Amino acid sequence: METIESDVVIVGAGGAGLRAAIALAEADPGLRVSLLSKVYPMRSHTCAAEGGAAGVAGADDSMDLHFNDTVGGGDWLCDQDAVDFFINEAPKELTRLDHWGCPWSRDKDGRVSVRPFGGMKIKRTWYAADKTGFHLLHTLFQTSLQFESIRRFDEVFTTDLLVVDGKVQGCCAVEMRSGEMKQFLAPAVILCTGGGGRIFPFTTNGAIKTGDGMALAYRAGVPLKDMEFVQYHPTGLPATGILLTEGCRGEGGVLRNKDGYRYLQDYGMGPETPLGETVLKTMELGPRDRLSQAFWHEQQKGNTVPTKWGDCVLLDMTHLGEKKIHERLPFVQELAHAYASVDIVKEAVPIRPVVHYMMGGIHTDINAATPLPGLFAAGECACVSINGANRLGSNSLTELLVFGKRAAESAAEYVRSAAPKTDRAAADQQASAAEARVRALFERTEGAETMTAIRNAMTHTMETGAGIYRDEAMLTDTVNTLADLRSRRSGIALRDKSKVFNTEFTQLLELDNMLDVAQAVAVSALARKESRGSHQRLDYVERNDDTYLKHSMAHYQGEDAPRIDYLDVVITKSRPGVRDYSGAKS
Amino acid sequence: MSQRQITFEILRYDPETESEPRFQAYCVPCEEEWVVLDALNYIKDNLDGTLSYRWSCHMAVCGSCGMMINGEPMLSCKAFVRDFPNGGSIRVEPLTHFPIERDLVVVMDDFMDKLQAVKPYVIPKKKRTVEDGTYKQTPKQLHQYQQYSMCINCMLCYAACPQYALAPDFIGPAALALTHRYNLDSRDHGRPQRQEVVAAHEGVWECSFVGACSEVCPKDVDPAGAIQQMKIASTVDWYLEHLMPWRRK
């Protein structure tokens, strides 16, 4: 087995991974960085983010306002020390992106423009038209190309973390081109593998979002935090789940039910705002969890529009005019035209809520460190937590920058100060065991189960039991189904025996990861007997701060369901209060 | 609900067991809204798990799923089955002009090397700190390069480029468009460094201005236009250098 030695290994080369790599290269060109990804960096799902990245910019805005929007938006489950750090770093990171060439949209005088997003008191979303994630990713990737200390390994699939004497020593990964296992030895590993939206059937997430890093850390003994909090984005295209950015509403788009009525006013987000006027933090500029929940109620009342691809409501942007749409929302225009045959200049487009983002993830502290020495995590795969029970739109792109950099700094400091010695013999032994396990998986010929059937059963049970609204019976059923599916996965045999770019094999590894992550979501959701943010229980409709102002921690238990315990939320200055998105307030 | 049975003839090649590519036919019940990628996923999930191809976003932005579809380089996630003639089969092959790694997966090494070669990053006149704040860049200055920043690296333009087929050393449309993108950015002063690559033999002069790259680009980047503008700029450089040496910066 080939061994590659470096000082820091980064798994995942999307926004967070690239930002971490650049930070390491800038901090110390002598640090040898290995940047691993199962795809080429520019394929990473950061590219699909559309609307923008939040950071205080205008004179009318303040750190306190960004703090309050974030913490209230997260239904007080955010760690407030982490939020403080995040909002203070946010404008600096977005400024760095400007220096690196990000094509931020501009005001006439040449300053960076900001647009409103849901749940914001003041507009603070920096944007590059409606392709912000795409530009952010490519800017980072292209910037990273100038650093010789970053060695990229594209299209390698990480299968195991190497952990010796309670410390991370690197990882093992299969090179997809050759099918060969490689050992990456390093005293520090940063996981930046993104979310796992593919555990659901209807998601904005690309095929690669299978929770790989979450599963790696989880199996290595690191708890997954707040996994029950899954964000539905209110505006996805029905057939494909393609996202239409919140920027649509930020620019003045409105939501209507089958009668043309702006129904959000019936769900605590009224009164109705004048058409074409963007009034912040109310109606269509309420937070994502509330908007997706309002859809569910409209559906119960029969006020939705039935389509071949499920019930929908209508996103109406016809009053914005062609010029504004072309300038601010060109990608949305292209997507709606191509994938829904709708010209948004002339007609409203049918949309419905779609799984978009996981607030939960690998338990990290404010330094992006996990409890496992040498292991760090950043971006969607991590849970710091700045997002709490519901992430505000446009905080995630900024998060991957702020905490990608933070993880790099922490890893560099760890490598320097702790001078952790790599125990080569023990690591070799683990790598050989990992290789044997993967080979056995590869060579398995017996088995009556099919990958497609198990994956479909998993996504189906997640949607029916762990969707926008949940209750004891639904969740119990989902938890049982997942346990059954996990026990059946060993019955899947591979038909593809080629070592070259074997995607049946990588799909099997991904399915394994997804089943573990899905179980953590469902079991955490069953255990949280309250409603908070994106986690809504029909049988426990109120928020219960006495018992549940806490982070859920799911601990891996092998073939059994995870053990759940709780960790206190860090509260520094904002006591839990009422989330008020009515426009009637001051 | 209208479904259409469509036969897909797909190029298969496993270098471990086969000496050359072959075609395999699959009959797929396609929904009207489907793209070719949906059909490939149907095959992978229901008919033949051994088929290999790259894909992720299914919204024409990650650039993974470029393929030859009935001989044209296209993103399979944006190639709607309804746009192909009724009754005919659809032929799917890996992007041409690249070595085949396996089935519809091509070897990308050459493209990745070329991307890196053109120094696609801001080379500032003077290093700027966060305390200096953001650059001022007017909407007009942004507009100068914006179109060339839209490239998703899908490599359709390389598959369309007759020159790349003849001269594999040619840096090619996407990498040259990216060069132009940074040269035109008001924040950048790296053009002299990039010129070494661009003005060399494998640079812009290799382009015979067929324009096929711009025709197939799914993001309207117009690499052909970028290359022509760079030819003019390089020519101006040459005259300044040789005829008016005192004008050299």
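First, a word on scope: everything that follows refers to the structure included in this document.

Calculation notes
Residues numbered from 1 in each chain as written. Chains lettered and ligands numbered in written order. Predicted model: local features only at pLDDT ≥ 70, side-chain atom pairs only at ≥ 80, totals over all residues. Heavy atoms only, no water. Contact = heavy atoms within 4.5 Å. Buried area = accessible area lost by both parts, 1.4 Å probe. Salt bridge = Lys/Arg side-chain N within 4 Å of Asp/Glu carboxyl O. Polar contact = N/O pair within 3.5 Å; in protein donor to acceptor, adjacent residues only side chain to side chain. Helix = DSSP H or I, 4+ residues; strand = E, 2+ residues; numbered from the N terminus. Nonpolar A, V, L, I, M, F, W, Y, C, P; charged D, E, K, R; others polar. Patch = residues over 30% accessible without salt bridge, like charges linked within 9 Å, V, L, I, M, F, W, Y side chains within 5 Å. Areas by Shrake-Rupley, 256 points an atom, 1.4 Å probe, with all protein chains shown as cover. Axes fitted to C-alpha atoms, helices over the stretch in contact; angles between N-to-C directions. Parallel < 35°, antiparallel > 145°, perpendicular 65-115°, else oblique. Left-handed = near helix turned anticlockwise from the far one by under 90°. 1 Å grid on protein atoms, 1.4 Å probe; cavity = no way out; pocket = protein on both sides within 12 Å on 5 of 7 lines; lining within 4 Å. Points joined across faces, edges and corners; volume = space filled by probe spheres on them. Domains from an automatic or database assignment. Pairing = 2+ DSSP bridges.

## Regarding the interface of chain B and chain A
Size of an interface: often given as the accessible area lost when the parts come together. Contacts between the two partners involve 67 residues from chain B, matched on the other side by 66 residues from chain A. When the two sides are added together, the surface that chain B and chain A hide from each other amounts to roughly 5,500 Å², 55% of it contributed by carbon and sulfur. Per-residue buried area on chain B facing chain A is highest for B:Met59, B:Tyr121 and B:Val130; these three make up 12% of the total on that side. Where chain B packs against chain A, one counts 10 salt bridges. Between A:Glu334 and B:Lys78 there is a salt bridge, with its nearest N and O atoms 2.9 Å apart. Here chain B and chain A share 33 residue pairs in polar contact (both at pLDDT 80 or more) between them. Every element with two or more residues in the side of chain B that touches chain A is listed here: helix H1 (36-47), strand E6 (100-102), helix H2 (109-117), helix H3 (139-146) and helix H6 (173-183) of chain B. Per-element tally for the side of chain B that touches chain A: the top contributor is H2(B), with four residues. When grouped by side-chain class, the residues that make up the side of chain B that touches chain A number 32 nonpolar, 16 polar and 19 charged.

## Some thoughts on a nonpolar patch on the surface
A contiguous nonpolar surface patch, about 340 Å² in accessible area, is contributed by B:Trp238, B:Tyr239 and B:Leu243. Mapping B:Leu243 onto the fold places it in the segment after helix H9 (223-242).

## Considerations on the packing of helix H1 (residues 15-27) of chain A against helix H10 (residues 395-417) of chain A
Residue and element names in this part refer to chain A. Here H1 crosses H10 at 45 degrees, and the two axes come no closer than 7 Å. Relative to H10, H1 is oriented oblique. You can see that H1 and H10 cross each other, and the crossing is right-handed. Contacts from Gly15, Ala16, Arg19, Ala20, Ala23 and Leu24 of H1 reach H10 at Leu400, Leu401, Gly404, Lys405, Ala408 and Ala412. When grouped by side-chain class, the residues that make up the contact of H1 with H10 number eight nonpolar, two polar and two charged.

## Thoughts on empty space enclosed by the protein
Any empty space left between atoms is shown by rolling a water-sized probe over those atoms. Residues and elements named next belong to chain A. Taken as a whole and judged by the stated rule, the model has seven cavities of 30 Å³ or more. Approximately 730 Å³ is the volume found for the largest cavity. When residues of the lining of the largest cavity are traced back to their parent elements, those giving at least two are H1, strand E3 (33-37), strand E8 (156-164), helix H5 (212-219), strand E17 (349-358) and H10. Counted by class, the lining of the largest cavity contains 19 nonpolar, 21 polar and eight charged residues. The residue makeup of the lining of the largest cavity includes at least three contributed by each of domain 1 (2-229 + 359-422) and domain 2 (236-353).

## What to know about the sheet that holds strand E24 (residues 560-568) of chain A
Residues and elements named next belong to chain A. With mixed pairing, five strands are arranged side by side in an open sheet as E20-E18-E12-E23-E24. The open sheet has two edge strands with one neighbour each: strand E20 (382-383) and E24. Two strands pair when backbone bridges link them, and strand E23 (residues 550-557) and E24 are joined in this way by seven bridges, in the antiparallel orientation. Bridge pairing links His551 to Leu567 in E24. Set on the sheet, helix H14 (residues 503-527) makes contact with strand E12 (224-225), E23 and E24; between it and E24 the angle comes to about 55 degrees.

## Comments concerning the sheet that holds strand E5 (residues 90-93) of chain B
Residues and elements named next belong to chain B. Spatial strand order, E2-E1-E5-E3-E4: five strands in an open sheet with mixed pairing. Strands with a single pairing partner mark the edges of an open sheet, and in this sheet they are strand E2 (22-31) and strand E4 (72-75). Within the sheet, the average angular offset between the axes of one strand and its neighbour, ignoring direction, is 35 degrees. Relative to E4, strand E3 (residues 66-69) runs antiparallel, the two being bridged by four bridges. Note that in E4 the partner of Met68 across the bridge is Pro73. Most of the contacts of H1 go to E2, to which it runs at about 105 degrees, and overall it touches strand E1 (3-12), E2, E3 and E5.

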